[in-house]
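# Summary of structural features
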Amino acid sequence: MKKILLSGLMLLLMAGAGVGGWFVAQQQAMLDKPVPTVLTREGVLKQIQQLNRLESTAFYIDTIVQTQKAGRWYFLWQDAQRGLFIAQGKVLAGIDLNKLTAQNVQVLDDKVILTLPPVEILSVDLAKLEVYDLQTGNLGLHPIDNSVFAEVQQRAKQQVLTSACQADILNHAQTQAQQQLETLFALMQTPVSVYPSSVPVCKSNVSIP
């Protein structure tokens with residue numbers, strides 16, 4: 001009788017262990033099963049804005065800046081200055097994604113429809129500014145006016161921006177921005193249609209900080 005009871009107890013324990021194992025396996029399968037992501041306008045907008053800026057195009061160029069300052073008669077015109085500078089500049093163009101609003105994002109049947117704000121010049125910087133030649137007066141005895149360097153930097157940035165505009169930087173930036181966003185959504189396995197805005201006029205005569 002003891003052997004029969006012992007055998008029955010063992011069978012009950014094995015059955016309980018089997019049920020427990022099946023229950024744990026089912027729970028683990030539910031945890032491992034991917035939770036479907038629900039696309040919302042607000043969620044898509046937040047994810048895109050986290051990128052801050054989409055710097056889609058960088059334009060690099062070397063430019064030459066010439067300066068000339070007339071001398072004053074009471075210095076016998078010896079304070080006149082002539083300078084020749086070589087500047088290396090960089091222009092970044094792209095989209096400020098913080099300008100996206102809810103009106104730019106639509107979600108239809110799990111597909112994102114994105115209307116981009118206009119591309120723009122994001123920054124104009126000088127990587128290097130070298131003095132090729134700088135002279136004062138005929139005798140070169142008068143000290144250099146340091147304010148000339150601030151003027152040279154501003155003129156160099158203006159020339160770099162002008163060259164970038166002539167190279168059609170905004171059109172190129174828009175094409176690149178659209179492709180980059182399409183690639184980003186493809187990596188997220190999310191269908192998307194990206195519609196760019198019309199390309200604005202590239203103004204090279206604006207004030208540059």
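Everything here concerns the structure above.
The present account deals with the structure reproduced in this document.

The rules behind these values
- Residues numbered from 1 in each chain as written.
- Predicted model: local features only at pLDDT ≥ 70, side-chain atom pairs only at ≥ 80, totals over all residues.
- Heavy atoms only, no water.
- Helix = DSSP H or I, 4+ residues; strand = E, 2+ residues; numbered from the N terminus.
- Buried < 20%, exposed > 50% of the residue type's maximum accessible area, 1.4 Å probe, protein only.
- Disulfide = S-S within 2.5 Å.
- Polar contact = N/O pair within 3.5 Å; in protein donor to acceptor, adjacent residues only side chain to side chain.
- Contact = heavy atoms within 4.5 Å.
- Salt bridge = Lys/Arg side-chain N within 4 Å of Asp/Glu carboxyl O.

### Some thoughts on the overall build of the protein
For the protein, the count of helices and strands is four helices and six strands. The linear arrangement of helices and strands in the protein, starting from the amino end, is α-α-β-β-β-β-β-α-α-β. Across the 209 residues that make up the protein, the buried fraction comes to 28%.

### Focus on the state of the cysteines
Evaluated as defined, the whole model comprises one disulfide. Across the disulfide, Cys165 is cross-linked to Cys202 (sulfur-sulfur distance 2.0 Å). An S-S torsion of about -65° defines the bridge between Cys165 and Cys202 as left-handed. Separated by 37 residues along the polypeptide, Cys165 in helix 3 (residues 147-166) and Cys202 in the segment after strand 6 (192-195) bring together distant segments of the chain. Exposure remark for Cys165: the relative accessible area of 16% places this residue in the buried category. Judged by its relative accessible area of 22%, Cys202 falls in the partly exposed class.

### Description of the side chain of Gln174
Relative to the helices and strands, Gln174 resides in helix 4 (residues 169-187). A polar side-chain atom of Gln174 sits 3.5 Å from the main-chain carbonyl oxygen of Ser197. Dropping the residues within four chain positions of it, Gln174 is found in contact with Val119, Pro196, Ser197, Ser198 and Val199.

### Description of the environment of Leu116
Looking at the element boundaries, Leu116 is found in the loop between strand 4 (111-115) and strand 5 (120-136). Considered as a pair, Leu116 and Asn104 are 12 residues apart in the sequence and their alpha carbons are 6.7 Å apart. Filtering out sequence-adjacent residues up to four positions away, Leu116 remains in contact with Ile95, Asn104, Gln178, Leu181, Val194, Tyr195, Pro196 and Ser197.

### Some thoughts on the pattern of salt bridges
The full count for this structure, using the stated rule, is three salt bridges. In this structure, Glu55 engages Arg53 in a salt bridge whose closest nitrogen and oxygen atoms are separated by 2.5 Å. When the shortest N-O distance is used, the salt bridge between Glu120 and Lys99 registers 3.0 Å. You can see Glu120 sitting in strand 5 and its partner Lys99 sitting in the loop between strand 2 (81-96) and strand 3 (105-108), a full 21 residues away along the chain. Since its relative accessible area comes to 23%, Glu120 is described here as partly exposed. The class of Lys99 is partly exposed, set by a relative accessible area of 46%.

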